[in-house]
Amino acid sequence: MDKDLSLPPAPKRPIGEAKIWLTSIGLALGLIMIFGLLGIIVYNGLEAFWPKTAYAFTVQNEPEGEKTTIYGNITKDQTRHVLNAEGKQESIHEYQIFTGNKEKFGQAFRFIDVHRIVNQEELPRLMTLERLEGGKAIVDPIGIKLQNGSVLKATDSEFLSDFQRLTDEADHVRKSVHRIEKGDIGAINNKLDELQREVKIIERSYDIREVNGVSVATLKDNPIVDDIKNPIAELAKLKEQIGELHREYETYTAQVAKLREHEGKDILLYQLGNNDVQEMPLDQIVYGFMPNELGFFGKLGVFWHHFTGFILDDPREANTEGGIFPAIFGTFIMTVLMSMLVTPIGVIGAIYLREYAKQGPLVQSVRICVNNLAGVPSIVFGVFGLGFFVYYLGGSIDQLFYWKKLAVDNTPTFGTSGILWASLTLALMTLPVVIVSTEEALSAVPRGLREAALACGASKWQMIQRIILPCALPGVMTGLILAMARGAGEVAPLMVTGVVKLAPSLPIDGEGPFVHLERKFMHLGFHIYDVGFQSPDSDAAQPMVFATTLLLILLVVVMNLAAILIRNKLRKRYQASSF
Amino acid sequence: MNQDDIPTQEQPAYQPKPVPKRFLVSKATLWCDRIMTKLIIGGGFTVIVAVFGILFFLLAVTLPLFKEAEVLEDVKTSPVVPTDGSWGLDASGKRPYLFRHGKEIDFLNQEDGTLTPVPFTLPDNEQITAYTYHSGLGLYPIATDAGKVGLITVKSGLNGHGDPDVETGGKPEVKVGELYPVTESGEPIGKIIGLTYADAGDKKVFVTLHQDADKVRTFVMSLEQSRSLVSDGELEPTGYFELSEQIDGKPSKILANMAGDGIVVVTDKNEIVYFAFDENTETWNKKQTIKQAFGNDEGISVCEWLFGDMSFVLGGKNGSLSIFSLYPQTQADGTTTRLFGKTKEFEPLNGPITHYISSYINRSFLVTSPTQMKLCYGTTADTRWEEPKLNFSPIQVVGNHELTSFLAQDAEGKLHRYSVDDKHPESGTKALVGKIWYEGYDAPKWMWQSVGGTDDYESKISLMPLIFGTLKGTFYALIFAVPVALLAAVYTSHFMPASVKKVVKPLMEIMASLPSVVLGFFGALYLAPKMEDKVPAIIMMAILIPAVAILFAWFWTTRPIEWRNKISHGLEYIVMIPVILIIAWVCWCYLGYWVEEPIVDMVRGVMSLWGSGDFQGTTFPELWRNGFDMAYEQRNSLVVGFIMGFAVIPVIFTISEDALSNVPPSLIAASEALGASRWQIVKTIVIPIASAGIFSALMIGLGRAVGETMIVLMATGNTPIMDWNIFNGMRTLSANIATELPEAAQGSTHYRVLFLGGLILFSLTFVLNTIAEIVRQRLRKRYHIV
């Protein structure tokens, strides 16, 4: 009997090709997700700055009803599904329209069914106003009533430039007033606070009474201080200083009053579609433009104006308008502080683990632990930061150095969340990133280099300092950049260790010791959370949140890209220089 | 040195030539080296200590939660004092006082045992016939022979820390308040033999027991204070009521609650009668009679409120101890009313329960029997401390406001002083993980509701809902992320040209670095509103995308080679992108609406089989809400699962891709040589070898999902519920910490429980990562040899 030794027939086509197609869905989905997310954020973030066309809609709600005209931008164009009288689903095309003028209409947005719109027109004169209070407004300007009684008509060709000149003037006044109030008067207030604290300390420590026409000071039962030689004289001196500061204060308030003299005298006349003439003082307007009269470059100009304002201005109206400069600055300072803390510690730790510690199971397990720390949720570091840094370390610092403030005002200085503790917490959180990548870089330095250095008579430290560290520098940089990217984007630990929705002053400014590490700060990530979720009108705030998100993502992605590029370069370099 | 100088006879020991100075290592270098070595070793150690310090710190903060109460008797001074009269204790527990003879209050100096009397007089020479002590308010409600009631307020002169009060300068004060007649006519009815008092802020309630001939009658009198913007008005009697007819038997104990709307009466027949105030008729109506409260004939010896006055503690003559609470109960006629029911039972004491004192800041209380003392906590029904063999039998026990100290007087008059140190009575294993029958609920439950609006709020600190929420979020995230990430990793590692891989991998890594606050915002404010009414479309996508992809793949691979060659290997995903996008678009805009009504109708048809198909609505959310009777939130687990995918996919992808790519090329080459197709290589060689690496990728992905904070914080409603419903939210451990920690007072139970949450997260992720790391290292070792 012949055994059939022939092979089974070869398959006509490779086996499992269909399954390969199936696996490609995973990648395709992943790519769609990431590009979709980035695309939506970039589009919405940039759109927030772009001037939108303003329309005049004439709407008739009932067939024979009254026609009303409203001005607004179209913000959403969607289909709504409702049940009609017969119980069938019906789709209705509707617009969400941003009208602004929240104080007049009660809300800034409204929905209009498209089939109710009788007329939709791009009125050329429509103006978008950004106001100090009440959000944006879309209005039909009539003219400007000047202080001297004359009226600038909106139909004049000069109207817009006059308008801009007047608002710029008002803006200038506002800025000067702000500078005086915030800078000079703020400084006086701080000094006053300090002096008043001293006064309180003396008053709480000493009982000062008139005895036979002479003031006598006796120590109280539980004095805050007991070593003031002449409390009466001291108190008089302090009171005199306070009086002096009050006089200084008066001069500044007089300056402010003088600046404000002409404020609010020029008035914009406008109407909102119903021919009722309304008035608005020009100093209430931050910026205004006529979107329908702008060409592409004009729009680009407005875009640029919005963008720079966003980056450089302080927030207004519970963070939903204005800029985000304090948040950018806070993020920046916190990241820099964090890097300053994490780099030396991380590098020293890595050098120890790689170059000094005896390699063995113990060091190996320490390495695993450090590595695992990178996977511990960030909020856990927040918990640790609050408990250890803020309450324990900060509380101790307060008791040692700021006990006066603690005793008098019962307010902690470092014993409450602040930028220093937030940075320390994030430094601890990103420590594993720096250690791991530094170690990797150290171990990638070829053995030959070390041996050569030692053979030339270098001491161990000299070898590390002059040969190994420079070689490993790109690796250290990679780790640092990754750490910065992670630190800049992290919010959860900051929420418990020092971030606030609105910080009255920056952590670095022109006052006192210039660097105020105990202050609370604003942060881009937290700004997103806060404006997106805690603001009263989250619809109106959304463009702002998208813009902030775009900025944060840009920051993080650029940092990550840099780290990846450096890492790739590094790999190539060591591949080439193998001994 | 000259060579000739060497002596010939004796060769001296070899002397090395001194090294020329220029070859010497400079001192500075050596010093520098030494200092740096020390610095680095020190620094390295610090880093390691810091890493472990986190764990120890978290442990140190959480451990007190599991500490039992410490009760210490101060044996240094136990003054012997009179036994006639009623003891009271000030807030600090340092100055006990004795109400004696109805005309003075004696303040005890604990050091030397002397009593300082502070006398008081009642108007019109009235005599006190009954009094009681209210340790929560530190006052004595009294009743006089003129049929009037009033309050005697005691100010010990010490503040809560035991230091002299600023106001009084440390001098004790006794003040007799205004007296009010108990009856409308003002005429006394018999002799008042007992009374109770409740303070509900603007309303005060006195309940009195009158011995009228051989009957005991019960009266309720309420006072109300009218407040205006300018000032507090006078207290004025607003209601008189007699309860006697509604009580069967002789009342032996009365309790009035501090809301002023409930009275509990214990009778000599061992019945407990509950009266509630009806606002409309302004009468007190009997709501409930509890007979045989212990389930047998055991008599009631103690019945007192637990803090909050929502429950009372019942002690029996044989030592039984249980708690009755108000909660909604369904009556025989189908209505639901709030009545008392037994919710907790303690281990019985070995004798009749004689005394009861309780804290007025939490639900701890202390009960005594003639031979035992027991400190319990009402919410958890835990015994916090116990003195099993008491060497005296207390005849009077009194505690201070916070129950941080208490006194027990024995029959000889000796005053035993105790201090209680129980910082976290409401915590403990049972409270944190066990089911507890909270006040106002009809069954034991796992609940997280750490802070309430009022002081007497019963905090519910079970971690179970949070752990459940964490697992739920993780589960829905992984269900979506794992298949996508693994498929992508398999495809990228072996079916994609190396040049493209170099771009795709960093792209995915960037996705990993997207701040979670961005993802949370995107999910909650952009996606959630859009997804709310698009659920059918999403279901269709979940079915159609893989289905169409498989169909397309099958169709394409059965085409002749000339066709297939048009798409070269490694470009399949580019074709897939438009395919997926088209399906998604069709589902989102059209298919979802088309199928919604038929699906709902179909479900309605199926449900009418058992008669529940008559719900309102034709849309999917309505089906869910009305038909299935389940919650349907806009920010739900579906959104969280999808958005968390952005965070988890890249983690799993990167690590498993590494594992898959690191399979030794020799093995792949060998299989190729044997004629395996590229899928066969991946399926039979690559995936089995990399399985350990994939496992560790899953572990790390799991760890990321478990600890994710901002996404769940923003994209869910953060309600701590235990419900797998995908259209409902959850509250995770991490989000819980982020929302509550800033408000928790340092050192409080709440604060420590939140730290415990942090510790759980820390340990969980640490263990997961360690497993992953060990598996990975094994893998590395195993295939290193190949």
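Residues numbered from 1 in each chain as written. Chains lettered and ligands numbered in written order. Predicted model: local features only at pLDDT ≥ 70, side-chain atom pairs only at ≥ 80, totals over all residues. Heavy atoms only, no water.

A.B. asks: Outline the interface of chain A and chain B, supporting the account with residue identities and numerical values.
C.D. replies: Taken together, the 89 residues of chain A in the interface contact 107 residues of chain B. Here chain A meets chain B over a buried area of about 8,700 Å², counting both sides, of which 80% is carbon and sulfur. We note a salt bridge from Arg678 of chain B to Glu17 of chain A, for which the minimum N-O separation is 3.0 Å. Across the contact surface, chain A and chain B share eight residue pairs in polar contact (both at pLDDT 80 or more). Sort the elements by how many residues they give to the side of chain A that touches chain B and helix α1 (residues 17-47) of chain A lands first, with 24 residues. In terms of residue class, the side of chain A that touches chain B is built from 60 nonpolar, 22 polar and seven charged. (Contact = heavy atoms within 4.5 Å. Buried area = accessible area lost by both parts, 1.4 Å probe. Salt bridge = Lys/Arg side-chain N within 4 Å of Asp/Glu carboxyl O. Polar contact = N/O pair within 3.5 Å; in protein donor to acceptor, adjacent residues only side chain to side chain. Helix = DSSP H or I, 4+ residues; strand = E, 2+ residues; numbered from the N terminus. Nonpolar A, V, L, I, M, F, W, Y, C, P; charged D, E, K, R; others polar.)

A.B. asks: Mind laying out the domain arrangement of chain A, listing which residues take part and the relevant values?
C.D. replies: Residue and element names in this part refer to chain A. Once the domains are mapped, chain A shows domain 1 (47-142 + 271-307), domain 2 (175-260) and domain 3 (328-521). Using C-alpha coordinates to define each centre, domain 2 is positioned 40 Å away from domain 3. Where domain 2 abuts domain 3, roughly 790 Å² becomes buried across the two surfaces, and 56% of that area is made up of carbon and sulfur atoms. Joining domain 2 to domain 3, the criterion identifies zero salt bridges. Taken together, domain 2 and domain 3 are joined by zero residue pairs in polar contact (both at pLDDT 80 or more). The residue makeup of the side of domain 2 that touches domain 3, split by class, is three nonpolar, one polar and five charged. (Domains from an automatic or database assignment.)

A.B. asks: So what's going on with helix α10 (residues 419-444) of chain A? Residues and values would help.
C.D. replies: A rise of 1.5 Å per residue sets the reference length of α10 of chain A, with its 26 residues, at 38 Å; its end C-alpha atoms lie 36 Å apart and thus fit the reference within 8%. For α10 of chain A, a buried count of 21 out of 26 residues is recorded, marking the element as mostly surrounded by other parts of the structure. (Expected span 1.5 Å × (residues − 1). Buried < 20%, exposed > 50% of the residue type's maximum accessible area, 1.4 Å probe, protein only.)

A.B. asks: Explain unusual backbone geometry to me, and be specific about the residues and the numbers.
C.D. replies: Residues and elements named next belong to chain B. Its identity as a non-glycine residue notwithstanding, Ala381 has a phi of 60°, on the positive side. The residue Ala381 is located in the loop between β25 (372-377) and β26 (382-387) in this model. Under the relative-accessibility criterion, Ala381 is labelled buried at 15%.

A.B. asks: Account for the domain arrangement of chain B, with residues named and values stated.
C.D. replies: All names here are of chain B. Along its sequence, chain B is carved into domain 1 (471-515 + 637-729 + 767-786) and domain 2 (533-633). Placing a centre on the C-alpha atoms of domain 1 and another on those of domain 2 gives a separation of 25 Å. Of the residues lining the interface, eleven residues belong to domain 1; the matching set on domain 2 comes to 13 residues. For the domain 1 and domain 2 pair, buried surface summed over both sides reaches about 980 Å², with 61% attributable to carbon and sulfur atoms. On the domain 1 side of the interface with domain 2, the three residues burying the most area are Tyr491, Arg678 and Phe727, jointly 55% of the side's total. Connecting domain 1 to domain 2 are six residue pairs in polar contact (both at pLDDT 80 or more). Among the residues forming the side of domain 1 that touches domain 2, the class breakdown is seven nonpolar, three polar and one charged.

A.B. asks: Give a detailed account of the nonpolar core, specifying residues and quantitative values.
C.D. replies: A general trend in soluble globular proteins is that nonpolar side chains are found buried together. Counting residues in each nonpolar core, the largest one holds 216 residues, and the members touching the most others are Leu27 of chain A together with Val517, Met710 and Leu741 of chain B. Discounting residues that sit within four places of it in the chain, Leu27 of chain A has contacts with Ala488, Tyr491, Thr492, Met496, Val504, Met508 and Tyr573 of chain B. Tyr97, Tyr140, Ile152 and Val398 of chain B belong to the second-largest nonpolar core, a separate cluster that totals 23 residues. (Core = buried A, V, L, I, M, F, W, Y, C linked by side-chain atoms within 4.5 Å.)

A.B. asks: Break down the sheet that holds β25 of chain B for me, with residues and values.
C.D. replies: All names here are of chain B. Strand order in this open sheet of four strands is β23-β24-β25-β26, and the pairing throughout is antiparallel. Across the chains shown, the open sheet's two edge strands, defined by having one partner strand only, are β23 (355-358) and β26. In this sheet, adjacent strand axes meet at a mean angle of 20° when their direction is disregarded. Of the strand pairs in this sheet, strand β24 (residues 364-369) and β25 are connected by six bridges, and their pairing is antiparallel. Residue pairing for β25: Leu366 is matched across the bridge by Leu375. (Pairing = 2+ DSSP bridges. Axes fitted to C-alpha atoms, helices over the stretch in contact; angles between N-to-C directions.)

A.B. asks: Account for the packing of aromatic side chains, with residues named and values stated.
C.D. replies: Any pair of aromatic rings gets described here by the distance separating the centres and the angle formed by the planes. By the definition in use, this model includes 69 aromatic pairs over all chains. Ring geometry for Phe99 of chain B versus Tyr131 of chain B: centroids 4.3 Å apart, planes at 40°, classification tilted. In this pair, Phe99 of chain B sits in strand β3 (residues 96-100) while Tyr131 of chain B sits in strand β6 (residues 128-131), placing the two residues 32 residues apart along the sequence. What makes Phe99 of chain B buried here is its relative accessible area of 0%. By relative accessible area, Tyr131 of chain B is classed as partly exposed at 34%. Above the plane of the ring of Tyr356 of chain A lies Lys460 of chain A, whose end atom (NZ or CZ) is 4.4 Å from the centre. (Phe/Tyr/Trp six-rings, centres within 6.5 Å; stacked < 30°, edge-to-face > 60°. Lys NZ or Arg CZ within 6 Å of the ring centre and 35° of its normal.)

A.B. asks: Break down the environment of Val75 of chain B for me, citing the residues and quoting the values.
C.D. replies: All names here are of chain B. Its location among the elements puts Val75 in the loop between β1 (70-74) and β2 (86-89). Judged by its relative accessible area of 62%, Val75 falls in the exposed class. Spatially, the C-alpha atom of Val75 lies 50 Å from that of Glu187, the residues being 112 residues apart in sequence.

A.B. asks: Let's hear about the pattern of salt bridges: which residues, and what values?
C.D. replies: Note that side chains of opposite charge can pair when their charged atoms are close. All chains considered together, the criterion is met by 40 salt bridges over all chains. For Asp162 of chain A, the salt bridge identified is with Arg165 of chain A, shortest N-O distance 3.4 Å. Separated by three residues within a single helix, Asp162 of chain A and Arg165 of chain A lie in helix α3 (residues 159-205), roughly one turn from each other. Its relative accessible area of 16% is what places Asp162 of chain A among the buried residues. Taking the relative accessible area as the measure of exposure, Arg165 of chain A reaches 41% and is therefore partly exposed. The partner of Asp382 of chain B in a salt bridge is Lys430 of chain B, with the nearest N and O atoms 3.6 Å apart. Of this pair, Asp382 of chain B sits in strand β26 while Lys430 of chain B is found in helix α2 (residues 429-433), placing the two residues 48 residues apart along the sequence. With relative accessibility at 18%, the residue Asp382 of chain B sits in the buried group. Linked by salt bridges that have partners in common, Lys501, Lys505, Glu657 and Asp658 of chain B make up one network.

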